[in-house]
Amino acid sequence: MAGKTIKRREPLTDTQLLLTITICIFAVMYAAAMAIWGGGFLRWQQVFDMLNNNASLIIVACSLTIVMIGGGIDISVGGVTSLVVMSCVVHLNGGGSIPTSILMALAIGLCFGLVHGYLIAYLEIQPFIITLAGMFFARGMTTIVSLEPQNVAHEGFQALMNRKIEIPFLGYTAKNGNLIPARMELGVVVALAIVALVYIMLRFTRLGRNIYALGGNSQSALMLGINVRRTRFISYVLSGLLAGIGGYVFMMHTGAGNASNAAGAEMNAIASSIIGGTLLTGGVGNVIGTFFGVMTLATIKSIVTTSGLREPWWQSITTGAMLCFFILLQSVVLSRRGKGGLKRPAWLGGKIKG
Amino acid sequence: MQNDVVLTMRGICKSFPGVRALHNVDFTLRSGEVHALMGENGAGKSTLIKVLTGVYGKDAGQIAIEGKEVAIRSPQDAQASGISTVYQEITLCPNLTVAENMFIGRDKSALVPWKEMERKAGELLRSLDIPARPKQQLSSCSLAVQQMIAIARAVDQHCKVLVLDEPTSSLDDNEVAMLFKLMRDLKSRGVGIVFVTHFLGQVYEISDRITVLRNGELVGEYKVEELPQLDLVSKMMGKELDDLSAISVSGKETGAKGETVYEAKGLSSAACPNPFDFHIAKGEVNGFTGLLGSGRSESVRAIFGADRVTGGSVTMNGQSVKVQKPIDAMRKGIAYLSEDRKDDGIIADLSVRENIILALQVMKGFGKPISQADAEAFADEYIKALEIKTASTDTPIKSLSGGNQQKVILARWLLTHPQYLILDEPTRGIDVGTKTEIQRLVLKLSSEGMSVTFISSEIEEMLRTCSRLIVMRDRHIVGELTGDALTQDNVMRTIAGGGN
């Protein structure tokens with residue numbers, strides 16, 4: 001051992017660096033919440049509540065992360081989510097079955113993805129405009145499907161919705177001595193599975209790396225022999241598909257369809273991706289970071305509520321301020337890195353030559 | 001090794017609307033040779049390269065690799081035929097790792113074999129002696145290393161023909177040496193290299209053969225030892241007269257002709273932390289020289305207020321003035337032609353006319369627009385005076401050649417009637433003819449009483465124009481040469497720090 005040269009570890013790539021920052025921020029914030037407010041934050045159920053409430057957002061944020069890494073944007077996801085929810089609710093109430101409703105959700109998402117992808121990748125129209133149109137279209141369609149809010153009356157679906165996975169060893173003991181296990185909804189399983197799948201796709205498949213290359217420099221990607229159009233097309237198809245799944249998971253959480261479902265979901269998803277270290281300029285980002293981005297937003301909301309500021313605008317104001325802070329922090333870190341001023345701290349893997 | 005022909009291009013023609021870019025051009029490349037492709041801007045070098053690499057389709061002619069005719073319709077076709085290109089602008093992805101950049105887009109398996117890819121990349125980098133590590137993010141490598149990585153990628157694709165399009169234009173001397181070492185290594189492996197460059201010295205250092213193009217036509221193919229530098233220049237320019245030595249009488253007549261125009265004491269900026277003193281007199285032409293990165297550009301940028309000024313006092317014509325940002329400098333009669341024409345100079349989509357009046361308009365303020373008639377008159381005047389080759393004043397500047405773009409920017413500054421003009425690398429990346437014209441112009445302006453600071457990487461150019469050279473090394477002024485001391489030898493010695 002002693003004679004061997006110690007293998008030098010590489011400095012982090014931009015993606016890894018931003019991911020590290022995100023996870024640290026989440027950890028610090030959550031730890032601070034536990035220390036200051038204690039109570040609910042000390043229970044695992046708090047984490048599971050955040051997951052239960054945000055399973056759909058996690059999925060939709062994954063779709064945004066994919067297109068943003070590819071250098072694009074998809075702001076139709078909230079609209080697609082709401083259209084999926086309303087369509088599936090109406091379908092289930094009209095005598096549809098669970099499998100057909102799932103197919104319906106996937107089909108709606110896929111349709112939007114295919115059209116967006118074709119227009120953006122092959123006709124080279126700006127993604128912002130196309131997906132903005134997609135958003136209006138989907139919102140409009142939602143009210144056509146049903147103007148009135150509806151609850152799902154389908155019994156099988158209600159059973160599915162109310163099915164909770166109980167994790168006793170992460171539970172807590174209530175005042176009366178009963179053990180209350182931690183409860184997790186099925187949608188969370190779907191969301192976590194999607195985070196894992198998208199992570200694997202982005203990290204280990206050719207498609208994933210091509211998406212990074214596309215976002216890094218699309219001209220170079222072309223010269224390097226990557227089919228840029230097809231890669232871009234697929235990124236939007238995946239985004240649409242994930243928005244469809246996100247819509248179904250949304251319905252599994254709320255069990256109701258409403259024209260204003262998932263209002264602003266696209267903006268929350270973009271914010272989560274950015275907090276998670278995805279750059280709007282493309283080429284840099286990570287879906288694990290996005291997951292922590294969603295959780296960070298959720299923690300901010302919990303903290304605001306716990307500290308007694310119950311009016312909804314406090315959440316928006318705090319979220320806005322934190323988003324601003326994250327962006328500043330990221331850009332400071334990245335620009336210092338450009339000058340070679342940033343070195344990996346010792347606790348993250350030892351001495352590195354700058 | 002060096003005999004079998006690997007690439008032949010015969011009778012290549014290519015026209016763009018209104019322009020005949022290539023007419024009946026032949027080009028032959030043998031394996032294991034470095035073949036320089038020379039010509040002034042507009043000679044058709046880049047068009048020929050782009051036809052070869054599939055960026056443009058050809059109108060007529062044949063391309064054959066090792067005797068077999070190939071059809072090249074896209075960059076992918078070219079790569080498949082064994083032709084790889086490394087462009088001046090790096091065509092790699094900055095956000096990916098070195099190893100990924102070497103292998104992405106090549107194999108068609110669904111999964112990325114990270115371990116194997118990094119191992120192969122490591123071996124290749126070692127065997128080519130490239131100072132980079134496979135897992136390193138590409139953007140953390142220097143430009144030179146990035147270029148070498150692009151070359152390594154091409155080599156690993158078993159390219160028979162490697163096209164290097166102006167690879168050295170943004171490299172310093174050490175990096176050029178590194179690149180040349182790699183090129184020699186590839187030569188010995190039997191790769192045929194097409195080398196496009198503006199630097200005459202480099203052509204003679206590394207090339208075996210030279211093909212000269214002019215106005216889209218072939219002038220000839222020569223062995224490098226049979227074509228002295230002066231002949232090469234005259235073939236490129238199509239003139240027998242020795243334009244360059246005609247003004248090589250040196251810039252001794254560009255000495256001070258009056259009182260000091262500009263004087264700075266202890267000037268420093270964010271990019272130029274070491275305070276320096278500087279002065280220039282009426283009608284004087286002086287220059288900052290030093291290696292790339294020695295701080296010459298940073299110094300003149302500090303004079304113009306282009307970077308945040310952090311200290312020092314400035315007097316102009318005896319009066320103390322404040323120059324904190326470019327507009328201050330412009331109002332005081334200082335003009336600065338920046339080093340980076342593409343990013344800091346031209347506004348690519350605006351017309352020649354709009355580009356010319358830009359600085360004047362800024363100085364007048366946007367509340368007082370220059371009338372269309374005035375703008376037209378100004379543009380016409382300078383297009384004539386500087387012999388700018390453009391179809392009309394409405395032509396977008398991006399469609400002009402590099403040399404003519406530079407003249408437009410020069411016109412922009414001359415229009416503000418500065419008393420002190422700073423030219424930072426005005427001759428980089430432009431053809432020999434325009435270079436000469438710009439040097440002549442500097443001498444003319446000086447004789448009319450304008451003070452000029454001239455920066456160039458080519459010492460001969462500076463010796464020809466400047467009466468005083470300020471030599472920099474590692475961001476410090478290390479010497480000042482005037483009069484008889486102004487020789488290439490002395491400059492080199494001062495830069496190197498040997499003294500004399």
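Residues numbered from 1 in each chain as written. Chains lettered and ligands numbered in written order. Predicted model: local features only at pLDDT ≥ 70, side-chain atom pairs only at ≥ 80, totals over all residues.

Comments concerning the overall build of chain B
Definition in use: Helical segments are the DSSP runs of H or I of at least four residues, strand segments are the runs of E of at least two, and each set is numbered from the N terminus. Counting other C-beta atoms within 10 Å of a residue's C-beta gives its exposure: the residue is buried at 20 or more, exposed at 12 or fewer, and partly exposed in between, where C-beta atoms are placed from the backbone.
Each helix and strand counted, chain B has 18 helices and 20 strands in total. Referenced to the eigenvectors of the C-alpha coordinate spread, the extents of chain B come out at roughly 70 × 50 × 50 Å. Taken over 500 residues, chain B has a buried fraction of 47%.

Focus: the overall build of chain A
Which entries qualify depends on this criterion: Radius of gyration: over C-alpha atoms. The globule rule applied is 2.2 Å multiplied by the number of residues raised to the 0.38 power. Contacts here follow a simple rule: the backbone-placed C-beta atoms of the two residues must lie within 7 Å.
From N to C terminus, chain A includes 13 helices and four strands. The globule rule puts the C-alpha radius of gyration for 354 residues at 20 Å, and the 21 Å found for chain A is close to it. Seen through its C-alpha atoms, chain A measures out along the principal axes to roughly 70 × 60 × 40 Å. Looking at chain A residue by residue over its 354 residues, the buried ones come to 46%. Pairs at least 24 residues apart make up 76% of the contacts formed inside chain A by residues separated by at least 6 positions.

Section: the domain arrangement of chain B
Stated precisely, the cut-off is as follows: Each domain's limits were defined by an automated method or a database of domain assignments.
Annotation of chain B at the domain level lists domain 1 (5-240) and domain 2 (246-496). The C-alpha centroid of domain 2 of chain B is placed 33 Å from the C-alpha centroid of domain 1 of chain B.

Thoughts on the sheet that holds strand β13 (residues 285-289) of chain B
Residues and elements named next belong to chain B. We count it as follows: Any two strands with at least two DSSP-identified bridges between them are counted as paired. Angles shown run from 0 to 180 degrees and are taken between the N-to-C directions of axes, each axis being a line fitted to C-alpha atoms and, for helices, limited to the stretch in contact.
If you trace the six strands from one edge of the open sheet to the other, you get β16-β17-β18-β13-β19-β20, paired in mixed fashion. Two strands close off the open sheet at either side, each with one partner strand: β16 (334-337) and β20 (476-482). Each neighbouring strand pair of the sheet contributes to a mean axis angle of 15°, computed without reference to strand direction. Where β16 meets strand β17 (residues 420-424), four bridges bridge the pair, whose relative direction is parallel. Bridge pairing links L337 to L423 in β17.

Some points on the interface of chain B and chain A
Short version of the rule: Each residue gets one of three labels, nonpolar for Ala, Val, Leu, Ile, Met, Phe, Trp, Tyr, Cys and Pro, charged for Asp, Glu, Lys and Arg, and polar for the others, Gly among them.
Each partner contributes to the interface: chain B provides 23 residues, whereas chain A provides 21 residues. The leading source of residues in the side of chain B that touches chain A is helix α2 (residues 75-80) of chain B, at three residues. Considered class by class, the residues forming the side of chain B that touches chain A number nine nonpolar, ten polar and four charged.

Considerations on the sheet that holds strand β3 (residues 34-38) of chain B
All names here are of chain B. Reading across from one edge, β6-β7-β8-β3-β9-β10 is the order of the six strands in this open sheet, with mixed pairing throughout. Only two strands of the sheet have a single neighbouring strand rather than two, namely β6 (83-86) and β10 (217-223). Within the sheet, the average angular offset between the axes of one strand and its neighbour, ignoring direction, is 20°. Two strands pair when backbone bridges link them, and β3 and strand β8 (residues 192-196) are joined in this way by four bridges, in the parallel orientation.

Some words on unusual backbone geometry
Residue and element names in this part refer to chain B. The backbone of N24 shows a phi angle near 55°, a positive value even though the residue is not glycine. Looking at the element boundaries, N24 is found in strand β2 (residues 19-30). Using a count of 13 C-beta atoms within 10 Å as the deciding quantity, one classes N24 as partly exposed. Although it is not a glycine, N317 adopts a positive phi angle of roughly 50°.

As for the nonpolar core
Convention followed: A set of buried Ala, Val, Leu, Ile, Met, Phe, Trp, Tyr and Cys residues, joined to one another through C-beta atoms within 7 Å, is what we call a nonpolar core.
Of all hydrophobic cores here, the largest spans 163 residues; its most connected members are A:I58, A:I59, A:V60, A:C62, B:L48, B:I149 and B:L162. Take this core: its biggest share by element is 15 residues, from helix α2 (residues 44-69) of chain A. If sequence neighbours within four positions are ignored, A:V60 has contacts with A:V77, A:T81, A:L242, A:A243, A:G246, A:A265 and A:A269. In this structure, B:I303, B:A335, B:A411 and B:C466 belong to the second largest nonpolar core, which totals 64 residues.

Re the environment of A:A221
With respect to the element layout, A:A221 can be found in helix α9 (residues 218-223). Sequence separation between A:A221 and A:I211 is ten residues, and the spatial gap between their C-alpha atoms is 9.3 Å. Among residues more than four places away in sequence, those in contact with A:A221 are A:A213, A:L214, A:I226, A:V228 and B:C93.

So, the pairing of β8(B)
All names here are of chain B. Spelled out, the test is: Call a crossover right-handed when, viewed with both strands pointing away from you, the route from the first strand across the helix to the second goes clockwise.
A large share of β8 lies buried, amounting to five of its five residues. Burial along β8 is two-sided: G192, V194 and V196 facing one way and I193 and F195 facing the other are all buried. Two strands pair when backbone bridges link them, and strand β7 (residues 161-165) and β8 are joined in this way by five bridges, in the parallel orientation. Among the inter-strand pairings, V163 is bridged to a residue of β8, identified as V194. With helix α6 (residues 173-188) bridging β7 and its parallel neighbour β8, the resulting β-α-β unit is right-handed.

Considering the packing of α2(A) against helix α7 (residues 186-204) of chain A
Residues and elements named next belong to chain A. The cut-off we apply is this: Should an angle fall under 35 degrees it is called roughly parallel, over 145 degrees roughly antiparallel, and 65 to 115 degrees roughly perpendicular, with every other angle called oblique. Take the far helix as your reference; a near helix turned counterclockwise from it by less than a right angle gives a left-handed crossing, and one turned clockwise gives a right-handed crossing.
With their axes 8 Å apart at the nearest point, α2 and α7 run at an angle of 20° to one another. Classified by the angle their axes make, α2 and α7 are roughly parallel. Considering only the axes of α2 and α7, their crossing is left-handed. Where α2 abuts α7, its residues L51, N52, A55, S56, I58, I59, C62, I66 and I69 lie against G187, V188, V190, A191, I194, V195, V198 and L202.

Focus on helix α1 (residues 14-37) of chain A
Note the following rule: The span expected for a helix works out to 1.5 Å for each residue beyond the first.
End to end, α1(A) covers 34 Å across 24 residues, agreeing with the expected 34 Å (1.5 Å per residue, within 8%). Every buried residue of α1(A) is listed here: A:D14, A:T15, A:L17, A:L18, A:L19, A:T22, A:F26 and A:A33.

Overview of the packing of helix α13 (residues 352-364) of chain B against helix α14 (residues 372-385) of chain B
Between two packed helices, the angle of one axis relative to the other and the distance separating the axes together describe the packing. Residue and element names in this part refer to chain B. At a minimum axis distance of 9 Å, the contact between α13 and α14 shows a crossing angle of 100°. In this view, α13 runs roughly perpendicular relative to α14, as classed from their interaxial angle. Judged by residue contacts, V352, R353, I356 and I357 of α13 engage A375, E376, F378, A379 and Y382 from α14. Of the residues in the contact of α13 with α14, the class split is seven nonpolar, no polar and two charged.

Overview of α6(B)
Residues and elements named next belong to chain B. To keep it simple, the criterion reads: To be clear, the arc concerns the directions from the helix axis to the C-beta atoms.
Taking 1.5 Å as the rise per residue, α6 with 16 residues should run 22 Å; its terminal C-alpha atoms sit 23 Å apart, in good agreement. Taken together, the buried positions of α6 are occupied by L179, L182, M183, L186 and K187. One side of α6 holds all its buried residues, which, seen down the axis, span an arc of 145°. Turned more than 90 degrees away from the buried face of α6 sit D173, N174 and S188, all of them exposed. Close packing links the buried residues of α6 with β3, α5 (143-156), β7, β8 and α7 (200-206). Of the residues one or two after α6, G190 is the one with positive phi, at around 90°.

Some remarks on the confidence of the model for chain B
All names here are of chain B. Selection rule: The predictor attaches a confidence to each residue, called pLDDT, with possible values from 0 through 100.
Within chain B, residue pLDDT values average 84, and 93% of them lie at 70 or more. A low-confidence stretch, residues 240-249 stays under pLDDT 50, and its non-local contacts, those more than four residues away or across chains, total ten contacts. Predicted complex, confidence summary: ipTM 0.83, pTM 0.73.

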